Amino acid sequence: MTADSTTTDIGTRRGDDQLRALIEDAAPRLAEASAQDILQWAAENFGDELIVASNMQDAVLVDLAARAQPGVDILFLETGYHFAETIGTRDAAAQIYDINVVNALPEQTVAEQDAAEGPQLHDRDPNRCCFLRKVLPLRNTLARYEAWVTGVRRVEAPTRANTPVLTWDDRNGLVKINPLAAWSDEDMDNYIAEHGVLVNPLVPAGYPSIGCQPCTHKPAPGADPRSGRWAGTSKTECGLHG
Ligand code: SF4
């Protein structure tokens, strides 16, 4: 099932102090726990107040989360700039897994943004483009949840090397859970093979890190897998993870 973020119920949210206390209690226990145990804890403690972010590069986190909490909300940042293969992977995931896809939409369509900001903002000012089409929609969607789950892994980039399993997300004001923080590339490949997990067809076509189409290029053989993102600029992150 899929829905736009505006159609999701707001629900009853606990206060920040209660949520921070949950982190303090569980963080030491979960630091070395398996991804399955971390997600089980998340399902038990947050239930419907939990949302899981996926960029639909693969459905490893989706598969794990759906096993822990059938019907779990899956957050997809619908920037309007995705590859057709990524949209196809999202739609296939909605059919295959027991999940509820929540599309977080920017306030403006691509055409409206072009009219307001000038065309191809992603080339002229990618930080502002990411802010309008990713950071703000993420913040607006997360406001109605107590916790979010990401697929961030420590091996992905030096900026991610100290990613904790469980933390407080200051920017968005909710619990942030990174159950794959300790996973290697081999761990990902093994889980995909063992469970027949859905993978974006761009991955075997040579795109190891997939974002919006205008800002994603195929890295040179042997290059850093993320070097194809915002290639030729100093930008390395969307701004979603600090
Ligand atoms: Fe815009 Fe590129 Fe950021 Fe997508 S990745 S929101 S197209 S700057």
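The rules we used
Counting from 1, residues in each chain are numbered in the order their sequence is written. Given that the model is predicted, a residue must reach a pLDDT of at least 70 before its local features are reported, and side-chain atom pairs must reach 80 or more before they are shown or counted; all residues, however, enter totals for whole chains, interfaces and linings. Side-chain numbers come from the whole structure's heavy atoms, not from hydrogens or water. UniProt positions are given in the numbering used here, feature names are shortened, and annotations may be inferred rather than shown by experiment. Counting from the N terminus, the helices are the DSSP runs of H or I reaching at least four residues and the strands are the DSSP runs of E reaching at least two. A helix's residues, less one, multiplied by 1.5 Å, set its expected span. Any two residues whose heavy atoms approach within 4.5 Å at even a single point are treated as in contact. Grid points spaced at 1 Å over the protein atoms alone were grouped into cavities, where a 1.4 Å probe fits but cannot get out, and pockets, open sets with protein on both sides within 12 Å along at least five of seven lines, with lining residues defined by an atom within 4 Å of a point. Grid points are joined across faces, edges and corners, and a volume is the space filled by probe spheres set on the points. The convention used is that axes are lines fitted to C-alpha atoms, helices contributing only their stretch in contact, and that angles between N-to-C directions extend from 0 to 180 degrees. These descriptions rest on fixed angle ranges, namely under 35 degrees for roughly parallel, over 145 for roughly antiparallel, 65 to 115 for roughly perpendicular, and the rest for oblique. Left-handed is the label given to a crossing in which the near helix is rotated counterclockwise from the far helix by less than a right angle, and right-handed is the label when the rotation is clockwise. Throughout this entry, Asp, Glu, Lys and Arg are counted as charged residues, while Ala, Val, Leu, Ile, Met, Phe, Trp, Tyr, Cys and Pro are counted as nonpolar. The remaining residues, Gly among them, count as polar.

- As named in an unreviewed UniProt entry, the chain is Adenosine 5'-phosphosulfate reductase, taken from Saccharopolyspora montiporae.
- Regarding the chain, the relevant UniProt record gives this comment under Pathway (unreviewed entry): "Sulfur metabolism; hydrogen sulfide biosynthesis; sulfite from sulfate."
- Word for word, the UniProt comment on the chain under Subcellular location (unreviewed entry) is "Cytoplasm".

### Quick notes on helix H2 (residues 35–46)
Move 1: Counted at 1.5 Å a residue, the expected span for H2 with its twelve residues is 16 Å, and the 16 Å between its end C-alpha atoms agrees.
Move 2: Buried residues along H2 sit against helix H1 (16–30), strand E2 (50–53), helix H3 (60–68), strand E5 (147–149), strand E6 (166–169) and strand E7 (174–177).
Move 3: Immediately downstream of H2, the backbone of Gly47 shows phi near 50 degrees, a positive value.

### Some details on empty space enclosed by the protein
Move 1: Within the structure shown, the criterion is met by one cavity of 30 Å³ or more.
Move 2: Here the largest cavity is characterised by a volume of approximately 110 Å³.
Move 3: Lining the largest cavity we find 13 residues, and of these Cys129, Cys130, Lys134, Cys212 and Cys215 sit closest to its centre.
Move 4: Top contributing element to the lining of the largest cavity by residue count: helix H7 (residues 126–142), with five residues.

### Here we look at the packing of H3 against helix H8 (residues 185–195)
Move 1: Where H3 meets H8, the axes come as close as 10 Å, and the angle between the chain directions of the two elements is 60 degrees. Classified by the angle their axes make, H3 and H8 are oblique. Note on packing geometry: the crossing formed by H3 with H8 is left-handed. Contact with H3, carried on its side by Val60, Asp63, Leu64 and Arg67, involves Met188, Tyr191, Ile192 and His195 of H8 and no other residues of that element.
Move 2: A breakdown of the residues in the contact of H3 with H8 according to their chemical character gives five nonpolar, one polar and two charged.

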